[in-house]
Amino acid sequence: MKRFSVAHPLLVIGALVIALLPFQMSGYHTGLGAHVAIFFIAILGLNILTGYTGQISIGHGAFMAIGGYTTAVMSHYHHTNLILTLPLAFAIAFCFGVLVGIPALRFSGVYLALATFALAVSVPQFTLKFSSFLGGSNGLQTSTTKSNAWIYGVSWSCAAILYLVAWLVLRGRTGRAFRAIRDSEVAAAASGVTLPIYKTLAFGISAAFAGVAGSLFVIATNGFAQPNEFAVFLSLTLLIGAAVAGLGSLWGILVGAVFVALLPTVSADVPLIGSSHGQDVVFGLIVIVIMLLLPTGFAGLLYRLRSLPGIRTPVEKEAGG
Amino acid sequence: MPPLLELVDVTARYGPVQALHGVSLTVGEGEIVAVLGANGAGKTTTLRAISNTVRREGEIRFGGKAVGRKGPESVARFGIAHVPEGRGTFAELTVWENLRLGAYSRRGSVKDDFARVLSYFPWIQDRRNQQAGTLSGGEQQMLALARAFMQRPRLLLLDEPSLGLAPVLVTEVFRIVRELNEHEGLTVLVVEQNAHIALQVAQTAYVLEVGRVALSGPSAELQEHESVRRSYLGY
Amino acid sequence: MEAVRRLNYRERRANRIGTGVSPAVVIALVAAAIFLLVGSLLSPIFAQQTVAGLAQGAVFASLALALVLIYRATEVINFAQGEMAMATTYFAYQLTLWHVSYWWAFFLTLIIAFFFGAIVQVAIIRPVQRSVIAVVIVTVGMFVLIDGLVTWKWGADLKFMPAPFGNTVYHVGSVAFARQDIGTLVVTIISVVLLWVLFKFTKLGLAMRAAALRPASAALVGVRVNRMLAIGWGLAAVLGAVAGLMTEPTVFLQPTMMQAVLLYAFAAAVLGGLESPAGAVIGGLALGVFLNLVGQYVGFATSELRLPIAFAVLLIVLLVKPHGLFGSKQVRRV
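Residues numbered from 1 in each chain as written. Chains lettered and ligands numbered in written order. Predicted model: local features only at pLDDT ≥ 70, side-chain atom pairs only at ≥ 80, totals over all residues.

1. Digging into the overall build of chain C
When its secondary structure is counted, chain C shows 13 helices and 2 strands. Taking 2.2 N^0.38 as the reference for a compact globule, 334 residues should give roughly 20 Å; the C-alpha atoms of chain C span a radius of gyration of 21 Å, in line with that estimate. The 334 residues of chain C split such that 51% are buried. Taking all contacts inside chain C whose residues are at least 6 apart in sequence as the whole, residues at least 24 apart take part in 73%. (Helix = DSSP H or I, 4+ residues; strand = E, 2+ residues; numbered from the N terminus. Rg over C-alpha atoms; globule rule 2.2 N^0.38 Å. Buried ≥ 20, exposed ≤ 12 C-beta atoms within 10 Å, placed from the backbone. Contact = placed C-beta atoms within 7 Å.)

2. Topic: the interface of chain C and chain B
Listed as interface residues are 18 residues of chain C and, on the opposing side, 22 residues of chain B. Broken down by secondary-structure element, the contributors of at least two residues to the side of chain C that touches chain B are α1 (2-17), α8 (203-213) and α9 (215-220) of chain C. In terms of residues, the side of chain C that touches chain B owes the most to one element, α8 of chain C, which gives 6 residues.

3. Focus: the sheet that holds strand β1 (residues 5-14) of chain B
All names here are of chain B. With antiparallel pairing, the 4 strands of this open sheet are ordered in space as β2-β1-β4-β5. Whereas interior strands pair on both sides, the edge strands pair on one side only; in this sheet they are β2 (17-27) and β5 (65-66). Direction of pairing for strand β4 (residues 56-62) relative to β5: antiparallel, over a ladder of 2 bridges. In the sheet register, F62 faces β5, and the bridge partner there is K65. Packed onto the sheet, helix α1 (residues 43-50) meets β1, β2 and β4 and runs at close to 70° relative to β2. (Pairing = 2+ DSSP bridges. Axes fitted to C-alpha atoms, helices over the stretch in contact; angles between N-to-C directions.)

4. Some points on the interface of chain A and chain C
Between chain A and chain C, the contact holds 33 residues from the first and 33 residues from the second. Of the residues contributing to the side of chain A that touches chain C, the split by class is 23 nonpolar, 7 polar and 3 charged. (Nonpolar A, V, L, I, M, F, W, Y, C, P; charged D, E, K, R; others polar.)

5. Here's the deal with the packing of helix α3 (residues 60-78) of chain A against helix α10 (residues 195-220) of chain A
When two helices pack together, their arrangement is given by the angle between the helix axes and the distance between those axes. Residues and elements named next belong to chain A. One way to put it is that α3 packs onto α10 with a least axis distance of 6 Å and a crossing angle of 55°. Taken together, the axes of α3 and α10 are oblique relative to one another. You can see that α3 and α10 cross each other, and the crossing is right-handed. The residues of α10 that touch α3, namely those facing H60, F63, M64, A65, I66, G67, G68, T70, T71 and A72, are A207, A210, G211, V212, A213, G214, S215, F217, V218 and I219. (Parallel < 35°, antiparallel > 145°, perpendicular 65-115°, else oblique. Left-handed = near helix turned anticlockwise from the far one by under 90°.)

6. Regarding the sheet that holds strand β8 (residues 187-191) of chain B
All names here are of chain B. Taken in spatial order, the 6 strands of this open sheet run β6-β7-β8-β3-β9-β10, and their pairing is mixed. For this open sheet the edge positions go to β6 (80-83) and β10 (212-218), each flanked by a neighbour on one side alone. Neighbour to neighbour, the strand axes of the sheet diverge by 15° on average, direction disregarded. Strand direction decides the pairing type here: strand β3 (residues 32-37) and β8, joined by 4 bridges, are parallel. What sits directly across from V35, in β8, is V191. Sheet contacts for α1: β3, β6, β7 (155-159), β8 and β9 (204-209); angle to β7, the most-contacted strand, approximately 145°.

7. Here's the deal with the environment of L319 of chain C
Considering the arrangement of structural elements, one finds L319 of chain C in helix α13 (residues 306-320). Taking the C-alpha atoms as reference points, L319 of chain C and A241 of chain C, 78 residues apart in sequence, are found 32 Å from one another. For L319 of chain C, the residues in contact, after removing those within four places along its chain, are P103 and R106 of chain A.

8. So, the packing of helix α12 (residues 277-297) of chain C against α13 of chain C
All names here are of chain C. Packing of α12 against α13 brings their axes to within 11 Å, and their N-to-C directions diverge by 125°. When the interaxial angle is binned, α12 and α13 end up oblique. Crossing angle aside, the handedness with which α12 passes α13 is right-handed. Side by side, α12 and α13 meet where L287, F290, L291, V294 and G295 of the first sit next to R306, I309, A310 and V313 of the second. A per-class count over the contact of α12 with α13 returns 7 nonpolar, 1 polar and 1 charged.

Rendered as structure tokens:
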């Protein structure tokens, strides 16, 4: 996915900046920083699915919900240590991802997108149906809450760890299989790639990532897991983040995460229309304008910049475009 | 009388790949002109350049006026009908709907033209409501011709009409092309790999090689030409 | 040779039927219709729920048809279809505030909706037409934008429009039919029929179909493909406006009024097969009736589960027929 050779020094600098930022920022901004990490993880997962195996999902909010509610339930009913709930969320979301991935094999393209959309819409409804166990519309509260700094640290640590995991998975055989599937399923199958296994695996992995993001999301929202936090709009936000990121570039994903994490806040501050609905107007406008200007996302922009003679890494050839 | 169609030093590219390296040709009013050449020589690209289906540089004049680069729609309305590779028939629509589409850009009454089409292709009458995609290859080619004729163009661009057709049908198709040329005064620019029949029907021919005009002249001459005989006529 | 000829013939026959309507589906639908008829004759509640379901389904059908129109032409799902419908309904509301009588406002709104849809296509969609995902994102952005603009201009509180068909209820035996429901059905049927006439019999309709099926070939006969797309979006917006205006009497005017309808419309459109207008209409009606009847007779199916049930049905149908009831594996041609 990403060759570190070009980005190495930048990566180190970036990591340092991220590590040192909270000492300069207020609690509120630290909280926002944590949200960036959360979206980074979720979009990374989505990128593995869409960018690598070409399966479109507009339903990853559902997997975030699953991870988030796992954390909430375990913490609320069993007082589990919050950090321990993270691998648990990873595992459970992975299982759900595989479960979804199996029937998803039957669908492709827009039908798959709509099927996953159906998922995104339906999952929050279940929390309302089983409200006695899952807290209904009032939500479910974890037994402990943590400080913004704690959340920031844990979120970015998870982001780093999961990025490493993604890198390891994608550089190896699995990654090659994924890329082969994206480029041509027929050719991949002919070359011996067992399609069902790899496609389902991709779903599982990307769901697992979203699950962890969801857990962190609940922890970051004062430990509250509420159905309307995981509504359709979340899945659409992830999609927007992935589109802004473009395909296959680390920096693109970071930009995408920053975009969707910060845009709502930025839009609220713009004194354009005054009421809280100014935020929606600005958000919508900016999303539209960005897409008009950069239909291939940030990665596509990078690709075009890198296409200047001389600076061309094999990695970027796969990005966007 | 100025030629109906003039190409002056036309170049065209598909992305980074240059397909035409400066093609010049003329088609006189009422003529049938053939463009020959091997696969990849740029024959199809030449037609696409004329109909603005591909981006091109260089000058193209039709009836003395310069052809703009706007898009295939404007070229069609200009009076040039392009029957592309693969015929361009609407397989999902009926035979009659295909013909109606041919007449789309026409103003005024087209009833007479429907009658004329039926005189050249009488079988259409019984198959009016059949889905075009269920016609045989030969019938689809004829439908494509009929549709192009409904446009009442001054110039017909034909891309490899013999492709996929049995020899008997190929003869039939070219017979109709010749009839349309003689009776309706339709000027034809036909791209063909089947050099035999193309040279029999056309008065003039151009031979393209690697995006350039290698040879040109009256068909009779080309038929005797050494390299043409060897490369394209097989003897 | 004979065998090959026979094989080709069978393939051609399948093509002739066209949109992949299999006999099994037709039989199932006829059976369902008979079931509904018999049930309605036997039980007044059944009849009421069926008619109410049909009316609801008619609204789904309108919006689903809009979605299918756009999908057929441009292969994209317009996520903002519901919000565009909502916005045009608010426009009608504004007209009534300016003392325009309801039905004049209705028709004026349809006209404005047409231009609204066309302008959106030209200004926002056309620049990003090449990238499917960019179009999807842009429509999502529009969703949010329109929602914000409407809430800013008119506020989020409930508003009311004069009832188009009044509140009278007809009684046939012991069955009660709301005039509103009948009216919704009639309006929807009229708009669908008009659209059908347009596409089947007019030159413009033919050109639009050609542009949707094979844009490159259409261009070669002189069809201005981009213009056809804009008109398609305009017509879709008109259908949306009809859906919005027919939804208003039930849920009244609020910015979120079309959001659930949009979701049901997605389900209906995919159910029918995204490339099939007939499928969208039948899918919508079927979904409306199904949901109402299930809600009435299945205890577990409380209102929170309505949406998941709709999608569960959709997913089950898709597993059996991956391209919807009336869809077939259409290969995009150029």
